[in-house]
Amino acid sequence: MAETAPLVATQASPTTPSKRITSIIKLLAESPGLTNIPSTHTFTLNSHDQVVSDTEEPVPVIDYSLLISSSPDQRSKIIHDLRKACQYWGFFMVINHGVPERLMRSMIDACREFFDLPEEEKQEYEGKHVLDPIRCGTSFNTSVEKVFCWRDFLKLFVHPVFHSPSKPAEFSENLLEYSKRVREVARELLKGISESLGLGTNYIDKALNLEQGLQVSIANYYPPCTQPELAMGLPSHSDHGLLTILIQNGVSGLQVQHKGKWVNMNGYPNSFLVNTGDHLEILSNGKYKSVEHRAVVNKKAARISLAMAHGPSLDSVVTPAPELLDREGNAPAYIEMKYGKYLELQQSSKLDGKSCLDQVRI
């Protein structure tokens, strides 16, 4: 798919170093003799939160090669599959997406190398604001949380302007290629989803200005935990934006809420794990729900995941699609709000299910 190259802020200047540790969890997990995690990182789960299953239902699988096929019948079938996946799961796997496996492996390796950098080097990229284009930190938002997540992160705005740390070597080059390839997949998926809503192939792309759409790279590091039953990598939440596309290092930990239960999600080799976001729910007026998901941790192995969140342009005002409301005779179920304002609201809060989306429901 033809797409203009993103503006590139090469080797973006780091922020002023501070004394606050940006990788608390990695340091904590590697502390000699650690047997009990601190109370500051201990979550209390209710009985509902502890219900976990390996679903008997097959997780939806979308064959990307058929979506972009020249065969109308094949494309029609995949659009039908996308409709069911968005309506009943809010989650699906994507296979045959065309992004090279070597590039996916390189990105996971590059993320590992970043988190292995000396603490003082990572501190150079500690952000000061939730919308800083380069931000390294721990948990989700330590300024408002009372209990912290067993997680370190690196968040980067990679489109429409590309930002990246200058270390480790080749990180920026690999990320630029990977983010462009994944963005192409996301836009094609959203064309199929737009068609599945009866809105026309390019409706979402044009209405939300995806040519200038925000793409955020989120690298997550979840170290082994001596008491994984007490900790949480990330608590239950839904994502801002339209679609999030995730890969991981082969260590499981993603769980999705489905029919009142938490379901373990393990992707096929070389597949993408994709979940729907809040702004797809808003645009579809609730027909497609953003899915609640969480990250759990384990005793034995570090989990590394790389999520690519795809949203409208920051200045796009997102509302339920008027064409959808008119056709179905429904009133809007959500108020309009600029995507940038919603993003700042969500990132400035603590993770708590769909509490941010609840603020724009009518």
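The preceding data block contains the structure.
All residue numbers refer to positions counted from 1 along the written sequence of the respective chain. Per-residue local features of the predicted model are confined to residues with pLDDT of at least 70, and side-chain atom pairs are confined, for both listing and counting, to 80 or more; whole-chain, interface and lining totals are unaffected and use all residues. By convention in this description, side-chain values take in all heavy atoms of the structure and omit both hydrogens and water.

A. Looking closely at the overall build of the protein. Numbering of helices and strands starts at the N terminus; helices are DSSP runs of H or I of at least 4 residues and strands are runs of E of at least 2. Helix and strand counts for the protein come out as 11 helices and 17 strands. Its C-alpha radius of gyration of 20 Å places the protein within 12% of the 21 Å reference for a compact globule of 362 residues. Once the C-alpha set of the protein is aligned to its principal axes, its extents read approximately 60 × 50 × 40 Å. Expressed as a percentage of the 362 residues in the protein, the buried residues total 55%. Two residues qualify as a contact provided that any one of their heavy atoms is within 4.5 Å of a heavy atom in the partner residue. Relative to all contacts within the protein whose residues are 6 or more apart in sequence, the contacts with residues 24 or more apart total 81%. Residue exposure ignores everything except the shown protein chains as possible cover, and the areas themselves are Shrake-Rupley values with a 1.4 Å probe. Carbon and sulfur atoms make up 52% of the accessible area of the protein, which totals about 15,300 Å². C-alpha atoms define the radius of gyration in this analysis, and the globule rule sets the expected value at 2.2 Å times the number of residues to the power 0.38. Burial classes follow relative accessibility: with a 1.4 Å probe on protein chains only, a residue under 20% of its type's maximum area counts as buried, one over 50% as exposed, and anything between as partly exposed.

B. Expanded view of the sheet that holds strand E13 (residues 272-276). Ordered in space as E3-E4-E13-E10-E15-E8-E6-E5, the eight strands form an open sheet in which the pairing is mixed. Two strands bound the open sheet, and with one partner strand each, they are strand E3 (61-63) and strand E5 (134-138). Taken pair by pair, the neighbouring strands of this sheet meet at an average axis angle of 25 degrees, ignoring direction. Two strands make a pair as long as DSSP finds a minimum of two bridges between them. As defined by bridge partners, E5 adjoins strand E6 (residues 152-159) across five bridges and the pair is classed as antiparallel. Paired with Thr 138 across the two strands is Asp 152, which belongs to E6. To obtain each axis, a line is fitted to C-alpha atoms, and for helices this fit is confined to the stretch in contact; angles are then taken between N-to-C directions over 0 to 180 degrees. This element, helix H4 (residues 101-115), spans E5, E6, strand E8 (215-222), strand E10 (243-248), E13 and strand E15 (303-310) of the sheet and lies at about 110 degrees to E15.

C. Inspection of the pairing of E13 at higher detail. Taking burial as the measure, the five residues of E13 include five buried ones, the bulk of the element. Here E13 shows two buried faces, one formed by Phe 272, Val 274 and Thr 276 and the other by Leu 273 and Asn 275. Inspection of the sheet shows strand E4 (residues 91-95) paired to E13 by four bridges, in the antiparallel sense. Counted as the bridge partner of Met 93 is Leu 273 from E13. In the sheet, E10 pairs with E13 via four bridges, with the strands oriented antiparallel. If you follow Ile 245 over to E13, its bridge partner there is Val 274.

D. Quick look at helix H6 (residues 171-196). Between its first and last C-alpha, H6 extends 37 Å over 26 residues, near the 38 Å set by a 1.5 Å rise per residue. Taking burial as the measure, the 26 residues of H6 include 20 buried ones, the bulk of the element. Remark: Gly 198 follows H6 within two positions and exhibits a positive phi of approximately 75 degrees. To estimate the expected span of a helix, subtract one from its residue number and multiply by 1.5 Å.

E. Molecular detail of the packing of aromatic side chains. Aromatic pairing here means that ring centres of Phe, Tyr or Trp (its six-membered ring) are within 6.5 Å. Orientation follows from the plane angle: under 30 degrees is stacked, over 60 is edge-to-face, and everything else is tilted. Under the criterion given, the structure shown has three aromatic pairs. Relative to Phe 115, the ring of Phe 114 lies with its centre 5.7 Å away and its plane at 80 degrees, an arrangement referred to as edge-to-face. The pair Phe 114 / Phe 115 is uniform in exposure class, with both members buried. Between Phe 114 and Phe 171, the ring centres sit 6.3 Å apart and the planes meet at 45 degrees, which makes this aromatic pair tilted. With a gap of 57 residues between them, Phe 114 in helix H4 and Phe 171 in helix H6 connect regions that are remote in the sequence. Neither Phe 114 nor Phe 171 differs from the other in exposure class; each is buried. An aromatic cluster is defined as three or more aromatic residues linked by ring pairs; in this entry it consists of Phe 114, Phe 115, Phe 171 and Tyr 221. Looking at Lys 155, its charged tip hangs above the ring of Phe 153, at a distance of 5.2 Å from the centre. Counted as over-ring charges are cases with an Arg CZ or a Lys NZ within 6 Å of the ring centre that also lie within 35 degrees of the ring normal.

F. Structural detail: the side chain of Lys 354. In this structure, Lys 354 sits in the loop between helix H10 (339-347) and helix H11 (355-358). Whenever a nitrogen or oxygen atom comes within 3.5 Å of another N or O atom, the pair is scored as a polar contact, on the condition that within protein one atom can donate a hydrogen and the other can accept it, and that pairs from neighbouring residues in sequence are kept only if both atoms are in side chains. Looking at Lys 354, its side chain comes within polar contact range of the main-chain oxygen of Ser 290, at 2.9 Å. Those residues in contact with Lys 354 that sit more than four places away from it in its chain are Ser 238, Glu 281, Lys 289, Ser 290, Glu 292 and Arg 361.

G. Highlighting the pairing of E4. Where burial is concerned, most of E4 is hidden: four out of the five residues are buried. The pairing of E3 with E4 spans three bridges and is parallel. Pairing of Ile 62 across the sheet is with Val 94, part of E4.

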